[in-house]
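Here is how the chains run, residue by residue.
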Amino acid sequence: MTLNSDHNTLLFERAKRVIPGGVNSPVRAFKAVGGIPRFVKRAHGAYFWDANEQRYIDFIGSWGPMILGHGHPAVVKAVQDAVLEGFSYGAPTEREIELAEEILRLVPSMDMVRLVSSGTEAAMSVIRLARGATGRSKFIKFEGCYHGHADALLVKAGSGLATFGNPTSAGVPPEVVQHTLVLEYNNIEQLEAAFALQGDQIACLMMEPICGNMNFVRASVPFVKRCRELCTQYGTLLVFDEVMTGFRVALGGAQSVYAKQIPGFEPDMTVMGKVIGGGMPLAAFGAKRSVMEHLAPLGAVYQAGTLSGNPVATACGLATLRQISKPGFYEDLGRKTRSLINGLTQAADGEGVAFCGDSEGGMFGFFLLAALPQNYSQVMKSNSDHFNLLFHGLLDRGVYIAPALYEAGFVSAAHTDADIAATVQAAHEVFRLLSKQ
Ligand SMILES: *Cc1c(COP(=O)(O)O)cnc(C)c1O
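Residues numbered from 1 in each chain as written. Predicted model: local features only at pLDDT ≥ 70, side-chain atom pairs only at ≥ 80, totals over all residues. Heavy atoms only, no water.

1. Considerations on the overall build of the protein
Alright, step 1. Along the protein, the regular secondary structure elements total 13 helices and 18 strands.
Alright, step 2. Computed over the C-alpha atoms, the radius of gyration of the protein is 22 Å, within 12% of the 22 Å expected from 2.2 N^0.38 for a compact globule of 437 residues.
Alright, step 3. With the C-alpha coordinates of the protein rotated into their principal frame, the extents come out at 60 × 55 × 45 Å.
Alright, step 4. Taking all 437 residues of the protein together, the buried fraction comes to 54%.
Alright, step 5. Accessible surface for the protein amounts to roughly 18500 Å². Of this, 54% is attributable to carbon and sulfur atoms.
Alright, step 6. A distance of 2 Å separates the average location of the 37 positive side-chain charges in the protein from that of its 40 negative side-chain charges. (Helix = DSSP H or I, 4+ residues; strand = E, 2+ residues; numbered from the N terminus. Rg over C-alpha atoms; globule rule 2.2 N^0.38 Å. Buried < 20%, exposed > 50% of the residue type's maximum accessible area, 1.4 Å probe, protein only. Areas by Shrake-Rupley, 256 points an atom, 1.4 Å probe, with all protein chains shown as cover. Lys, Arg positive; Asp, Glu negative; His and termini not counted. Charge placed at Lys NZ, Arg CZ, Asp CG, Glu CD.)

Quick look at the structure:
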């Protein structure tokens, strides 16, 4: 296709005149991998079509929400019905209760939830609530974990355990991150040292239990166990940010995966988003009643939202949760996702390309490395030139994966075994090219 008739290029040029970088969320701009972002025209099932009517097998699924694939008939019907009733009222509705009840039934570590509109909002609110409930200011996050873009979370590690983080974004004053302690993921020694030093001042410890913002890095079972023990010992609230993993790796989220290996395991607070909205702006945070009762209007921690619990978004989320609650849903999704990772691994091995991958439920990740990384600095050892070649090689062959090597991928119920096989075949061709690099 010549440049003049490439509609993606034309749209990108037009977008850049009116939207910074041409996108409304930075990773969409293809800055890491180079090239022109694909502008999506429409989607169906496991596919979307770009502005040139080129079809792609979609392994992003809106970064996780589209677990049923695009345009699932039951979800579309629920949204259409909801729209006809009304868009938004700023007054409570029965559907909010139904969704809250459904979430609490599926994730029993929480007694109450509050619905909000984005993962960022949920994570930001959970920190305020943890601080309000404990009367402490400090909190722990781990390098490489993403919890949305609230000021206090845009932070990288400081120079030592006693020193708090440095902002990673312009516009965040150092004072705003002075209570954020950034530690290395999966590093038990460092964690113990940090708690020994100031555990009684730490309101909460926030983690992605399976970190999809480092592509796919699991918190080790001993690490999660130690986080739980130290939080209990010091009265610190353990927060699982399950915005990505919730209803994605299992019906009960990553916490249910860890509970199988750590008897009785529960986080104190949970942040959810992505899948619970089924593609609409919806997120939530929850905890035990004693913690949640600190929230306004019951308690002194303020939190609010004009569109929170929006009737159309809750209809979409509810319809999605009802579909994924059906027996066998995660078994089938998990099997397909594993077959993708196994297929890619075999194809890479066959061409002598260093490769490793992992998956849980409908979430996967892979690295052009010989062994799975355990933390952010190991993830960053991935060869980005090779990743970019793989990304564009797949894109040219009609397969759309995340345009950055530190992002997870997602399989939906709509992906068929044939889609998986076609993806492995496309990747095999690219691995053959890579092996000649
Ligand atoms: C996506 C994500 C967020 C932020 O959610 P938004 O809806 O994009 O604001 C927070 N935490 C995790 C783990 C995420 O994956």
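2. What to know about the layout of surface pockets
Alright, step 1. Estimates place the volume of the second largest pocket at around 410 Å³.
Alright, step 2. Pro92, Glu96, Gly305, Ser308 and Gly309 are the residues nearest the centre of the second largest pocket, which is lined by 21 residues in total.
Alright, step 3. Elements that contribute at least two residues to the lining of the second largest pocket include exactly helix H3 (94-106) and strand E4 (112-116).
Alright, step 4. Split by residue class, the lining of the second largest pocket holds 10 nonpolar, nine polar and two charged. (1 Å grid on protein atoms, 1.4 Å probe; cavity = no way out; pocket = protein on both sides within 12 Å on 5 of 7 lines; lining within 4 Å. Points joined across faces, edges and corners; volume = space filled by probe spheres on them. Nonpolar A, V, L, I, M, F, W, Y, C, P; charged D, E, K, R; others polar.)

3. Focus on empty space enclosed by the protein
Alright, step 1. Considering all chains together, one arrives at four cavities of 30 Å³ or more under this definition.
Alright, step 2. Each pocket or cavity is described by its volume, and for the largest cavity that value is around 80 Å³.
Alright, step 3. Surrounding the largest cavity, Asn215, Phe364, Gly365, Phe366, Phe387, Ile401, Ala402, Ala404, Leu405, Glu407, Ala408 and Gly409 form its lining.
Alright, step 4. Examining the composition of the lining of the largest cavity, we find that three residues originate from one element, strand E16 (residues 363-367), more than from any other.
Alright, step 5. Residue composition of the lining of the largest cavity, grouped by class: eight nonpolar, three polar and one charged.

4. Digging into helix H6 (residues 221-234)
Alright, step 1. With 14 residues, H6 ought to run about 20 Å at 1.5 Å a step, and its terminal C-alpha atoms sit 20 Å apart, in line with that.
Alright, step 2. Looking at H6, one finds that the buried residues are Phe223, Val224, Cys227, Arg228, Leu230 and Cys231.
Alright, step 3. The positive-phi residue at the C-terminal boundary of H6 is Gly235, with phi of around 70°. (Expected span 1.5 Å × (residues − 1).)

5. Considerations on the sheet that holds strand E2 (residues 47-50)
Alright, step 1. A sheet is described by the order of its strands in space; here four strands give the open sequence E1-E2-E3-E17, paired in mixed fashion. This sheet does not close on itself; its edge strands, each paired only once, are strand E1 (40-44) and strand E17 (399-400).
Alright, step 2. Two strands pair when backbone bridges link them, and strand E3 (residues 55-58) and E17 are joined in this way by two bridges, in the parallel orientation. Within the sheet, the bridge partner assigned to Asp58 lies in E17 and is Tyr400. (Pairing = 2+ DSSP bridges.)

6. Points about the site of the ligand
Alright, step 1. Ser118, Gly119, Thr120, Tyr146, His147, Gly148, Glu208, Asn213, Asp241, Val243, Met244 and Lys274 make up every residue found near the ligand.
Alright, step 2. Between Asp241 and the ligand, the recorded distance is 2.7 Å, taken from a side-chain N or O atom to a nitrogen atom.
Alright, step 3. Considering the ligand on its own, with 380 Å² of exposed area, one finds that the protein chains cover 82% of that surface.
Alright, step 4. Along the lines of polarity and charge, the residues of the shell around the ligand split into three nonpolar, six polar and three charged. (Near = heavy atom within 4 Å. Polar contact = N/O pair within 3.5 Å; in protein donor to acceptor, adjacent residues only side chain to side chain.)

7. Let's talk about the pairing of strand E8 (residues 180-183)
Alright, step 1. What you see with E8 is no split at all: Thr180 and Val182 on one side and Leu181 and Leu183 on the other are buried throughout.
Alright, step 2. Pairing between strand E5 (residues 138-142) and E8: four bridges, direction parallel. Residue pairing in the sheet places Ile140 in a bridge with Leu181 of E8.

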